[in-house]
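Overview (structure and organization)
Next come the chains, spelled out residue by residue.
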Amino acid sequence: MELPFAESYRIKMVEPIYKSSRAQREEWINAANYNLFNLRSEQVYIDLLTDSGTGAMSDNQWAALMTGDESYAGSSSYYNLKNTIKTIFGFEYFLPTHQGRAAENVLFSVLVKEGNIIPGNSHFDTTKGHIEFRNASAIDCTINEAFDTESEHPFKGNIDLDKLEKVYTSHAKEKISMVVVTLTCNASGGQPVSMKNMREISELSKKFGIKVVFDSARFAENAWFIQQREEEYRDKTIKQIVAEMYSYADAMTMSSKKDGIVNIGGFMAMRTEELYKQASAFNIMFEGFNTYGGMAGRDMNALSVGLHEITDGHYLDNRIEQVKYLGDQLINWDIPIQRPIGGHAVFVDATKFLKQVKKEEYIAQTLAIELYLEAGVRGVEVGTLLADRDPITKENRYPVLEMLRLAIPRRTYTNNHMNVVAVALKNIFDRKDKIISGLKIKSEAPIMRHFSVELERIKIKK
Ligand SMILES: *Cc1c(COP(=O)(O)O)cnc(C)c1O
């Protein structure tokens, strides 16, 4: 017999987690105003809110923490990380930041002006936030297949080159700050971008003189999909694939909390000294001096080890196998999810799951609340709440997809935990026809409202 799959690590330290009763959860979620971000972590049994900063560091990362150099200027940890970034991504210049959105803030302070246009593949929420905050607009050029959850397209994160070219030809070059390519594309379900697409985006953008920036939180997962799905890369290593990917970019922003496998941190990297110098002025103002910019020396050390671990050996097989393990169970029970299964999360198609809840009543959030009540599992809405209101009309923006995202932290939970999540969703699926109403907003913030929105249940009059 072929030997079954097993993790390529063993556990050296554990952290207890607690189950709760349904009655407790009813009380807690009510007190949290039906916003899962407001729950205390002890009120959650299995936390799939995000894979951001929630991964388990390795023994080598913990060891690297101890040798961090906390010098204000010229820390060896900075040079260590600079060297790692040069080796893996090929960029000569980098600036550390406290997390990914800080890198966006700094880089966009240089590149984004009022009235600018920034095309991309379903920009991440903080990316879009930093664009709209500067009164510029993000234009989604993702391929149409990404919005059909049943399409098995292997690279649903791809940019539609016709859509991109249309943006390039219909606006003055000075108006277009850059194209942002998100790897993998979170908004469309953790879906990868192909190497071919990156190459073509680069060629087209060069022709029009537009900068290519990779939003890189899950760059290694993206590289793994290229290795699996793009014939000519089958025999290439992840490091070789990553090196080619980044040869097509002018700069990158990175949330190290994902594929850096650290709990906090970020950076931006770039090819030219000119951009580095412009960005470093803002980095010093917003983050810190160039050789630490918002990170402790020890954290830069741990990140350096994390970037090597994620691009080496069998880590990615384990990682993406576990996400698939959860997704396959749901598919077997005909629960509608985004196909093919992405790299960091399973996305449940809430519109197809809860057919009786109206879109004005926040379908995916309703499903997320049901899942929490069922088993203490916390997922997150990727739908109308996340999409915010139109900045001009102030109306809700209804995205094509209403999803419940179950993001799997790296090296944190076992497949037994995945079984609990799968069965909890199956139980809800079996009684889905009884769920006929959703939620309404009591209060919300003007931008990125999903973090702090307060909701209440809609009571159906008998
Ligand atoms: C997480 C993330 C960000 C923002 O990073 P933070 O570290 O959370 O500030 C930006 N883009 C993408 C694609 C991300 O996943």
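Every value quoted in this text rests on a predicted model; they were computed, and no experiment measured them.

The next subject is the environment of Leu367. Along the chain, Leu367 turns up in helix H14 (residues 363-375). For Leu367 and Glu221, which are 146 residues apart along the polypeptide, the C-alpha to C-alpha distance reads 27 Å. In this view, Leu367 contacts Val348, Ala350, Phe353, Leu354, Leu404 and Ile428; residues no more than four positions away in its chain are not counted.

Another point: the nonpolar core. Ranked by internal contacts, the top residues of the largest apolar core, which has 79 residues, are Phe89, Phe219, Met245, Tyr246, Phe267 and Leu307. When we break this core down by domain, the ones giving at least three residues each are domain 1 (22-51 + 313-457) and domain 2 (60-310). Dropping the residues within four chain positions of it, Met245 is found in contact with Leu183, Met195, Met198, Phe214, Phe219, Asn222, Ala223 and Ile226. Core analysis: the next-biggest nonpolar cluster, separate from the first, contains 49 residues, Tyr34, Ile341, Tyr362 and Leu406 among them.

Taken in spatial order, the 3 strands of this open sheet run S9-S12-S11, and their pairing is antiparallel. Unpaired on one side and paired on the other, strand S9 (345-349) and strand S11 (380-382) mark the two borders of the sheet. Taken pair by pair, the neighbouring strands of this sheet meet at an average axis angle of 35°, ignoring direction. Sitting on the sheet, H14 is in contact with S9, S11 and strand S12 (403-407), with an inclination near 45° to S12.

So, on to the site of the ligand. Not every one of the 13 residues close to the ligand is listed here, only the nearest: Gln99, Arg101, Asp215, Ser255 and Lys258. Within the contact set of the ligand, an oxygen atom lies 2.8 Å away from a side-chain nitrogen or oxygen of Gln99. Take Gly100: an N or O atom from its main chain is 2.8 Å from an oxygen atom of the ligand. Here the ligand, which alone exposes 370 Å², has 98% of that area covered by the protein. With 3 residues, helix H4 (residues 100-111) is the single largest residue contributor to the shell around the ligand. Of the residues contributing to the shell around the ligand, the split by class is 2 nonpolar, 5 polar and 6 charged.

This part takes up the environment of Gly157. Tracing the sequence through the fold places Gly157 in the loop between strand S4 (137-140) and helix H6 (161-170). Residue classification places Gly157 among the buried residues on the basis of a relative accessible area of 0%. Separated by 33 residues in sequence, Gly157 and Gly190 have C-alpha atoms that sit 7.8 Å apart.

Across the 5 residues that make up strand S7 (residues 251-255), a large majority, 5, are buried. Burial along S7 is two-sided: the residues Ala251, Thr253 and Ser255 and Met252 and Met254 are all buried. Here 3 bridges tie strand S6 (residues 212-215) to S7, and the two strands are oriented parallel to one another. Each residue of the ladder has a partner; that of Asp215, found in S7, is Thr253. By the bridge criterion, 5 bridges tie S7 to strand S8 (residues 266-270) in an arrangement that is antiparallel. The partner of Ser255 across the bridge, within S8, is Gly266.

Moving on, we come to the layout of surface pockets. In this structure, the largest pocket occupies an estimated 1600 Å³ of space. Broken down by element, the lining of the largest pocket gets its largest block of residues, 3 residues, from helix H2 (residues 59-66). Considering only residue class, the lining of the largest pocket consists of 16 nonpolar, 13 polar and 11 charged. Both of domain 1 (22-51 + 313-457) and domain 2 (60-310) provide at least three residues apiece to the lining of the largest pocket.

Of the two faces of S6, both are covered, the one formed by Val212 and Phe214 as well as the one formed by Val213 and Asp215. As paired strands, strand S5 (residues 179-182) and S6 are joined by 4 bridges and run parallel to one another. When the bridges of S6 are listed, Val180 appears paired with Val213.

A word on the packing of helix H8 (residues 219-229) against helix H9 (residues 238-247). For the pair H8 and H9, the least separation of the axes is 9 Å and the interaxial angle reads 105°. Judged by the inter-axis angle, H8 sits roughly perpendicular to H9. Between H8, through Phe219, Asn222, Ala223, Trp224, Ile226 and Gln227, and H9, the contact on the second element is made entirely by Ile238, Ile241, Val242, Met245 and Tyr246. Residue composition of the contact of H8 with H9, by class: 9 nonpolar, 2 polar and no charged.

Another aspect to go through is the environment of Pro96. Mapping Pro96 onto the fold places it in strand S2 (residues 93-97). Distance in space between the C-alpha atoms of Pro96 and Glu145 is 36 Å, their sequence separation being 49 residues. With near-sequence residues (within four places) excluded, Pro96 lies in contact with Tyr78, Gly266, Phe267, Asn283, Asn290, Thr291, Tyr292, Gly293, Met295 and Met300.

Let's shift gears to the domain arrangement of the chain. Per the domain assignment, the segments of the chain are domain 1 (22-51 + 313-457) and domain 2 (60-310). Put simply, the middle of domain 1 and the middle of domain 2, counted by C-alpha atoms, are 26 Å apart. Tallying the contact residues gives 30 residues for domain 1 and 34 residues for domain 2. Between domain 1 and domain 2 the total buried area reaches about 2700 Å² when both faces are included, carbon and sulfur atoms providing 54% of it. For the domain 1 face of the interface with domain 2, the top three residues by lost area are Leu316, Pro340 and Arg410, together amounting to 21%. Here domain 1 is connected to domain 2 by 8 salt bridges. Across the salt bridge formed by Asp51 and Arg218, the nearest N and O atoms sit 2.8 Å from each other. Across the domain 1-domain 2 interface, the total number found is 16 residue pairs in polar contact (both at pLDDT 80 or more).

Applying the stated criterion to the full structure yields 17 aromatic pairs. Members of the aromatic cluster, connected to one another through ring pairs, are Tyr78, Tyr79, Phe89, Phe91, Phe94, Phe214, Phe219, Tyr246 and Phe267. Lys432 extends its terminal NZ or CZ atom over the ring of Phe429, reaching a point 4.3 Å from the ring centre.

Definitions and cut-offs
Residues numbered from 1 in each chain as written. Predicted model: local features only at pLDDT ≥ 70, side-chain atom pairs only at ≥ 80, totals over all residues. Heavy atoms only, no water. Helix = DSSP H or I, 4+ residues; strand = E, 2+ residues; numbered from the N terminus. Contact = heavy atoms within 4.5 Å. Core = buried A, V, L, I, M, F, W, Y, C linked by side-chain atoms within 4.5 Å. Buried < 20%, exposed > 50% of the residue type's maximum accessible area, 1.4 Å probe, protein only. Domains from an automatic or database assignment. Pairing = 2+ DSSP bridges. Axes fitted to C-alpha atoms, helices over the stretch in contact; angles between N-to-C directions. Near = heavy atom within 4 Å. Polar contact = N/O pair within 3.5 Å; in protein donor to acceptor, adjacent residues only side chain to side chain. Areas by Shrake-Rupley, 256 points an atom, 1.4 Å probe, with all protein chains shown as cover. Nonpolar A, V, L, I, M, F, W, Y, C, P; charged D, E, K, R; others polar. 1 Å grid on protein atoms, 1.4 Å probe; cavity = no way out; pocket = protein on both sides within 12 Å on 5 of 7 lines; lining within 4 Å. Points joined across faces, edges and corners; volume = space filled by probe spheres on them. Parallel < 35°, antiparallel > 145°, perpendicular 65-115°, else oblique. Buried area = accessible area lost by both parts, 1.4 Å probe. Salt bridge = Lys/Arg side-chain N within 4 Å of Asp/Glu carboxyl O. Phe/Tyr/Trp six-rings, centres within 6.5 Å; stacked < 30°, edge-to-face > 60°. Lys NZ or Arg CZ within 6 Å of the ring centre and 35° of its normal.

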